[in-house]
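Observations on the model geometry
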Amino acid sequence: MKVQPVRGTHDIYGQDLLKYKRLEAIVNKYANIYDFSEIITPIIESTDLFKKPLGEQSDVVLKEMYTFNDRNNSLLTLRPEYTTPMIRAAISNNLLEKIPQKLFGIGPMFRRERPQKGRYRQFNQINFEILGINDIAADVDIILLADDLLKNFFPDKKIDLQINSLGDQNTLKIFKENLSLYFQKYTNDLSEESQNKIHTNPLRILDSKNIKDIKINKSAPKIFDYFSEEASDRFDNFKKLLSDTNISYEINPRLVRGLDYYCHTVFEFKTNDLGSQDTLIGGGRYDGLAKILGGPDIPGVGWAGGVERIIMLMKDINKNENKIHLILLHPSFKSYGFQLLNQLRKNNIAVYFDYKYDLKKSLSKANKLNSEFAIIIGEEEVEKNQYTIKYLHKNIQEVLSLEQIIKKLK
Ligand code: AMP
């Protein structure tokens, strides 16, 4: 059997890579327009960085992290998400002395999930974070940015924004307790996976996709009923500002996000075109996170988008295959050929040379690509120090000197 990539990982090339590059260009452009600075952090971090913030009972920490012993026995983890490493980096490098600190990054994340369409074990994420701002304007601004990016990635697609609020930490604590009590009444009716979460992570039962769970979720307690006045006002103001900016959204009371560090605003951009892995971008507010990581007690809001899922929805990119072909009629003309190649390349002219020394094959390849020019070097050209250029679309050719050919092709 052919060698294969590790299960859940994939190679990116051809159309997908063209799309990846376009995505990167759009992200860089909008990062600049919205005034975010890029940060590149290491792929390995110490395991402790993730355990507490993500939640000891979160799926990621319980079963998805790639963790290994370093040679000195310290535990390292391949980052499963970007928010925590970004805040770690902001603390490590004293970036939080300047607030707001607006950071973004693109890069690989690692989670040992069951691979399926749109779900990989190594995948790439785009991350945007605004650190140090409590104002709902930051929540709205970062959603506007996501909306702008999605409209640029695929202008023709309709992407739905769902929002919810988890209230403050105290709201969430009481809500979780009540949720747990509610689910205990249905222990035997819930899916096996959800049964295991009743005491440890009842929030996650709310966004289960299992039919049995969905039925029970319909009458589950709603977080809005546990909001403090402040949390409730905050959510109202957030919704109003979002509407004022003409962003349409839907409130989804069962939207909870998978990691422990979220509070107040949470949101997801979803599509109907990708099957069950339908979330393109997910994010929210994480006010206590910097402090948990040993930094200042500052708030934060951000999101992560899945590059592979976005690429799946992007239209194919037309690649201009029209090339200038250099055709040598015999291997003995190599050094003469390289003199020309060097000159053309110095003048930023791209030339395609297939190392084949076969006029018929090379011409048929050039025709296939619908290319316009072929430069042919045979015995006569070498002797007379000249070049034959063939205009493939017109089926005519002429003989030129080096200067003339550069002038023509520039
Ligand atoms: P999360 O950090 O789980 O909120 O994920 C944020 C986004 O990353 C999701 O909305 C997906 O688009 C993408 N994503 C998360 N997990 C995976 C995965 N295993 N494979 C591919 N994309 C993923």
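These notes cover the structure that comes with them.

Calculation criteria
- Residues numbered from 1 in each chain as written.
- Predicted model: local features only at pLDDT ≥ 70, side-chain atom pairs only at ≥ 80, totals over all residues.
- Heavy atoms only, no water.
- Core = buried A, V, L, I, M, F, W, Y, C linked by side-chain atoms within 4.5 Å.
- Buried < 20%, exposed > 50% of the residue type's maximum accessible area, 1.4 Å probe, protein only.
- Helix = DSSP H or I, 4+ residues; strand = E, 2+ residues; numbered from the N terminus.
- Patch = residues over 30% accessible without salt bridge, like charges linked within 9 Å, V, L, I, M, F, W, Y side chains within 5 Å.
- Areas by Shrake-Rupley, 256 points an atom, 1.4 Å probe, with all protein chains shown as cover.
- Salt bridge = Lys/Arg side-chain N within 4 Å of Asp/Glu carboxyl O.
- Near = heavy atom within 4 Å.
- Polar contact = N/O pair within 3.5 Å; in protein donor to acceptor, adjacent residues only side chain to side chain.
- Expected span 1.5 Å × (residues − 1).
- Arc of directions from axis to C-beta.
- Contact = heavy atoms within 4.5 Å.

Ranked by size, the top nonpolar core spans 88 residues in total, and within it Ile126, Phe128, Phe153, Phe183 and Trp303 carry the most contacts. Here this core takes 10 residues from helix α5 (residues 136-153), the largest share from any one element. Leu328, Phe333, Ile377 and Ile389 belong to the second-largest nonpolar core, a separate cluster that totals 21 residues.

What follows covers a nonpolar patch on the surface. A cluster of nonpolar side chains, namely Ile43, Ile44 and Phe68, defines an oily patch on the protein surface of about 230 Å² accessible area. Structurally, the position occupied by Phe68 is in strand β3 (residues 66-69). According to the relative accessible area criterion, Phe68 is partly exposed, its value standing at 37%.

In this section: unusual backbone geometry. In this structure, Pro100 follows Ile99 across a cis peptide bond, with omega equal to 5°. Mapped onto the elements, Pro100 comes out in the loop between α4 (83-92) and β5 (101-110). Phi is positive for Tyr355, close to 60°, though the residue is something other than glycine. As for its position among the elements, Tyr355 is in the loop between β13 (351-353) and α14 (359-368). If you check the backbone angles, Tyr357 has positive phi at about 55° while not being a glycine.

The next subject is the site of the ligand. Residues in contact with the ligand amount to 14 residues; listed here are only the nearest, Arg111, Glu113, Tyr120, Arg257 and Thr279. Between the ligand and Tyr120, the relevant distance is 2.8 Å, taken from a nitrogen atom to a main-chain nitrogen or oxygen of the residue. A distance of 2.5 Å separates an oxygen atom of the ligand from a polar atom in the side chain of Arg257. Protein burial of the ligand: of its 480 Å² of free accessible surface, 90% is covered by the chains. Looking at the shell around the ligand, the elements with two or more residues in it are β6 (122-131), β10 (279-285) and β11 (300-306). Residue contributions to the shell around the ligand peak at three residues, all from β10.

As a further point, take helix α1 (residues 14-33). For α1, spanning 20 residues, the distance from its first C-alpha to its last is 29 Å, which sits close to the expected 28 Å at 1.5 Å a residue. The complete set of buried residues in α1 reads Lys19, Tyr20, Leu23, Ile26, Val27, Tyr30 and Ala31. Down the axis, α1 shows its buried residues gathered within 135° of arc, on one side only. Where the residues of α1 are buried, they touch β5, β6, α5 and α12 (307-313).

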